[in-house]
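# Architecture at a glance
The residues making up each chain are set out below.
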Amino acid sequence: ETGVTQTPRHLVMGMTNKKSLKCEQHLGHNAMYWYKQSAKKPLELMFVYSLEERVENNSVPSRFSPECPNSSHLFLHLHTLQPEDSALYLCASSQDGTGEREQYFGPGTRLTVT
Amino acid sequence: SQQGEEDPQALSIQEGENATMNCSYKTSINNLQWYRQNSGRGLVHLILIRSNEREKHSGRLRVTLDTSKKSSSLLITASRAADTASYFCATRNTGGFKTIFGAGTRLFVKA
């Protein structure tokens, strides 16, 4: 247990569906991250939130919409996804968003878009 | 853009042997981190080494950093079957705020 939980663990959705991924950290951290991990590709940073403010949007398509209501929770809202969006989505947190501290990862949500 | 590149892409060894993985990067960094990922799971942080450090140890893990060659190595001594996983290096560039991950080395330790 890393102190970061993600739900659901598995999700299958059609291209016209709307769904949300949830992440919660119990570590008292101030920064949270969304990453996408596709087969045989490096981990791709999607969004960074520091003190509930989005500080990084790594050219992610608008069909992915993040939300950080407080420092413990992070959501990723999904709509009209494409099959190439199928991947493992990882949430992480760190003590701050400076990049000087290690990140703690959740177990991920395996997303399949049909 | 990808910063760290691990080498080799895959490594298969016998239990008890040492495993060495390398990471090369292109630009100046503030720190370099190594993470482990078991199949289909989240990443687990192993070691962070800062740009002014040359070597760090943690249990059976030894990490070196050579900033002149822009490279780092992760050595796992006396490997165990449970060490089977993918290992990633991640760098934080000087003046940057993002931690950028490489594609990883897949290590398989045979019992």
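Everything quoted here is computed from the prediction, not taken from an experiment.

### Regarding the overall build of chain B
Within chain B, the secondary structure is distributed over zero helices and 11 strands. Start at the N end of chain B and walk to the C end: the helices and strands fall as β-β-β-β-β-β-β-β-β-β-β. Radius of gyration (C-alpha) of chain B: 13 Å, near the 13 Å computed for a compact globule of 111 residues. Judged by the C-alpha coordinates and their principal axes, chain B covers about 45 × 25 × 20 Å. Taking all 111 residues of chain B together, the buried fraction comes to 44%.

### Here we look at the overall build of chain A
Within chain A one finds zero helices and 11 strands. Helices (α) and strands (β) of chain A occur, in sequence order from the N terminus, as β-β-β-β-β-β-β-β-β-β-β. Here the C-alpha radius of gyration of chain A, 13 Å, is about what a compact globule of 114 residues would show, namely 13 Å. Relative to its full complement of 114 residues, chain A shows a buried share of 47%. Sequence-distant contacts, at least 24 apart, represent 54% of the contacts inside chain A between residues at least 6 apart. Surface accessibility of chain A: about 5,300 Å² in total, with carbon and sulfur atoms responsible for 48%. Across chain A, the 11 positively charged side chains and the 12 negatively charged ones have centroids separated by 11 Å.

### As for unusual backbone geometry
A cis geometry characterises the amide bond from A:Thr7 onward to A:Pro8, with omega recorded as -10 degrees. If you trace the backbone, A:Pro8 turns up in the loop between strand E1 (4-7) and strand E2 (10-13). A cis amide bond links B:Asp7 with the next residue in sequence, B:Pro8, at an omega value of 0 degrees. With a phi close to 50 degrees, B:Lys70 is a non-glycine residue in the positive phi region. Here B:Lys70 is to be found in the loop between strand E7 (61-66) and strand E8 (71-76).

### Brief notes about the sheet that holds strand E7 (residues 64-70) of chain A
Residue and element names in this part refer to chain A. Read across the sheet, four strands follow the order E1-E3-E8-E7 without closing on themselves; strand pairing throughout is antiparallel. In this open sheet, the two strands that pair with only one neighbour each are E1 and E7. Strand after strand, the sheet turns through a mean of 20 degrees between neighbouring axes, direction not considered. Here E1 pairs with strand E3 (residues 18-25) via four bridges, running antiparallel. Across the sheet, Gln6 pairs through a bridge with Cys23, a residue of E3.

### A look at the interface of chain A and chain B
Each side of the interface is counted separately: chain A has 21 residues, and chain B has 22 residues. Counting each side, the surface lost to burial between chain A and chain B is near 1,700 Å², with a carbon and sulfur contribution of 49%. There are two salt bridges connecting chain A and chain B. Note that B:Arg92 and A:Glu100 form a salt bridge whose closest N and O atoms lie 2.1 Å from each other. Across the chain A-chain B interface, the total number found is five residue pairs in polar contact (both at pLDDT 80 or more). Where the side of chain A that touches chain B is concerned, the elements lending two or more residues are strand E4 (31-37) and strand E9 (87-94) of chain A. Its residues assigned to classes, the side of chain A that touches chain B comprises eight nonpolar, seven polar and six charged.

### Describing the nonpolar core
Within the largest apolar cluster, 22 residues are counted, with the highest numbers of intra-cluster contacts made by A:Trp34, A:Phe64, A:Leu76 and A:Leu78. Listing elements by their share of this core, those giving two or more residues are E2, E3, E4, strand E5 (44-50), E7, strand E8 (73-79), E9 and strand E11 (109-113) of chain A. The next biggest cluster of nonpolar side chains, apart from the first, holds 21 residues, and it includes B:Ile13, B:Ala19, B:Ile47 and B:Leu107.

### Quick look at the pairing of E7(A)
Sheet topology note: the E7(A)/E8(A) ladder contains five bridges and is antiparallel. Counted as the bridge partner of A:Ser65 is A:His77 from E8(A).

### With respect to the state of the cysteines
Covalent bonding between the sulfur atoms of two cysteines defines a disulfide. All names here are of chain A. One pass over the full model with this rule turns up two disulfides over all chains. One disulfide bridge connects Cys23 with Cys91, the sulfur atoms lying 1.9 Å from each other. As the torsion about the S-S bond is roughly -75 degrees, the Cys23-Cys91 disulfide counts as left-handed. Placement of the pair is Cys23 in strand E3 and Cys91 in strand E9, with a sequence separation of 68 residues.

### Details of the packing of aromatic side chains
Counted by the stated rule, this structure contains seven aromatic pairs over all chains. What links up through ring pairs into an aromatic cluster is the set A:Tyr33, A:Tyr35, A:Phe105, B:Tyr35 and B:Phe101.

About the criteria used
Residues numbered from 1 in each chain as written. Chains lettered and ligands numbered in written order. Predicted model: local features only at pLDDT ≥ 70, side-chain atom pairs only at ≥ 80, totals over all residues. Heavy atoms only, no water. Helix = DSSP H or I, 4+ residues; strand = E, 2+ residues; numbered from the N terminus. Rg over C-alpha atoms; globule rule 2.2 N^0.38 Å. Buried < 20%, exposed > 50% of the residue type's maximum accessible area, 1.4 Å probe, protein only. Contact = heavy atoms within 4.5 Å. Areas by Shrake-Rupley, 256 points an atom, 1.4 Å probe, with all protein chains shown as cover. Lys, Arg positive; Asp, Glu negative; His and termini not counted. Charge placed at Lys NZ, Arg CZ, Asp CG, Glu CD. Pairing = 2+ DSSP bridges. Axes fitted to C-alpha atoms, helices over the stretch in contact; angles between N-to-C directions. Buried area = accessible area lost by both parts, 1.4 Å probe. Salt bridge = Lys/Arg side-chain N within 4 Å of Asp/Glu carboxyl O. Polar contact = N/O pair within 3.5 Å; in protein donor to acceptor, adjacent residues only side chain to side chain. Nonpolar A, V, L, I, M, F, W, Y, C, P; charged D, E, K, R; others polar. Core = buried A, V, L, I, M, F, W, Y, C linked by side-chain atoms within 4.5 Å. Disulfide = S-S within 2.5 Å. Phe/Tyr/Trp six-rings, centres within 6.5 Å; stacked < 30°, edge-to-face > 60°.

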